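For reference, the chains in residue letters:
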Amino acid sequence: MDFESAIEQWRQGERRLRAAPPERRPTQERVAAAITGELRRRLGGRFTSAELVELYARGTGWCLQLAVSLAPGDPWAWDSSVSVDAAFARYLREAADYAGGRRVLEE
């Protein structure tokens, strides 16, 4: 997966989360926040957008497991196209090579 494809998918996740029904959004936000915390644990302090894309490309099954454990009775909260993608989009903002809404490439 390349960066441009990944970021578009992640931004779609953020849009879906913002558009979620009001009664579902708190749970989906909680799942996204937990996934963001796990991303922080897995990638550590300093990371690049390429490392985040690589982690995503390796699979997000661990995200599903986390979502199920946080919201076992709410299968709609397990939708990776919402909480998972939104979490990756949010965590991307902390990448060392990402600023102002775009990737900063070295020349």
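These numbers were taken from a predicted model, which means no experiment stands behind them.

Draft legend 1. Just helix α3 (residues 49–57), in detail. Buried residues of α3: Ser 49, Leu 52, Val 53, Leu 55 and Tyr 56, and no others. Projected down its long axis, α3 carries its buried residues within an arc of 160°, all on one side. Downstream of α3 by a residue or two, Gly 59 has a phi angle that is positive, lying close to 125°.

Draft legend 2. Spotlight on the packing of aromatic side chains. Inspection of the entire model under this criterion finds four aromatic pairs. Aromatic side chains Trp 10 and Tyr 56 sit 5.4 Å apart centroid to centroid with 75° between the ring planes, which places their arrangement in the edge-to-face category. Separated by 46 residues along the polypeptide, Trp 10 in helix α1 (residues 3–18) and Tyr 56 in helix α3 bring together distant segments of the chain. Tyr 56 matches Trp 10 in its accessibility class, with the two residues each being buried. Each ring, one from Trp 10 and one from Phe 88, has its centre 5.4 Å from the other, and the planes form 35°; the classification is tilted. With Trp 10 in helix α1 and Phe 88 in helix α5 (residues 80–92), this pair connects stretches of sequence that are 78 residues apart. You'll find Trp 10 and Phe 88 in the same group, each marked buried.

Draft legend 3. Main features of the nonpolar core. Counting residues in each nonpolar core, the largest one holds 30 residues, and the members touching the most others are Trp 10, Ile 35, Leu 39, Leu 52, Trp 62, Phe 88 and Leu 92. Every element with two or more residues in this core is listed here: α1, α2 (25–43), α3, α4 (61–70) and α5. Tallying contributions element by element places α5 first for this core, with eight residues. Leaving out residues up to four positions away in the same chain, Leu 39 has contacts with Gly 44, Leu 52, Leu 55, Trp 62, Ala 87, Phe 88 and Tyr 91.

Draft legend 4. Highlighting the pattern of salt bridges. Under the criterion given, the structure shown has nine salt bridges. The residue Arg 41 makes a salt bridge to Glu 38 at a minimum N-O spacing of 2.6 Å. Here Arg 41 pairs with Glu 38, and both are found in helix α2, just three residues apart, close to one helical turn. We classify Glu 38 as buried; its relative accessible area is 17%. Here Arg 40 makes a salt bridge to Glu 94, at a shortest N to O gap of 2.7 Å. Note that Arg 40 is positioned in helix α2 and Glu 94 in the loop between α5 and β1 (98–99), a separation of 54 residues in sequence. Residue class for Glu 94 comes out partly exposed when judged on its relative accessible area of 40%. Several salt bridges converge on common partners, so that one network encompasses Glu 14, Arg 25, Glu 29, Arg 90 and Arg 93.

About the thresholds
- The written sequence of each chain sets the order in which its residues are numbered from 1.
- Given that the model is predicted, a residue must reach a pLDDT of at least 70 before its local features are reported, and side-chain atom pairs must reach 80 or more before they are shown or counted; all residues, however, enter totals for whole chains, interfaces and linings.
- Calculated side-chain values reflect all of the structure's heavy atoms, with hydrogen atoms and water omitted.
- Buried means the residue's accessible area, taken with a 1.4 Å probe over protein chains only, is under 20% of the maximum for its type, while exposed means over 50%, and partly exposed covers the values in between.
- Secondary structure follows DSSP: runs of H or I at least 4 residues long count as helices, runs of E at least 2 residues long count as strands, and numbering of each begins at the N terminus.
- Each C-beta atom gives one direction from the helix axis, and the arc is the one those directions make.
- Working definition: a ring pair exists when centres of Phe, Tyr or Trp rings (six-membered ring for Trp) sit within 6.5 Å. Plane angles under 30 degrees give stacked, over 60 give edge-to-face, the rest tilted.
- The nonpolar core is taken to be a set of buried Ala, Val, Leu, Ile, Met, Phe, Trp, Tyr and Cys residues, with the residues joined through side-chain atoms within 4.5 Å.
- Whether two residues are in contact is decided by their heavy atoms, any of which lying within 4.5 Å being enough.
- Here, a salt bridge means any side-chain nitrogen of Lys or Arg that lies within 4 Å of a carboxyl oxygen of Asp or Glu.

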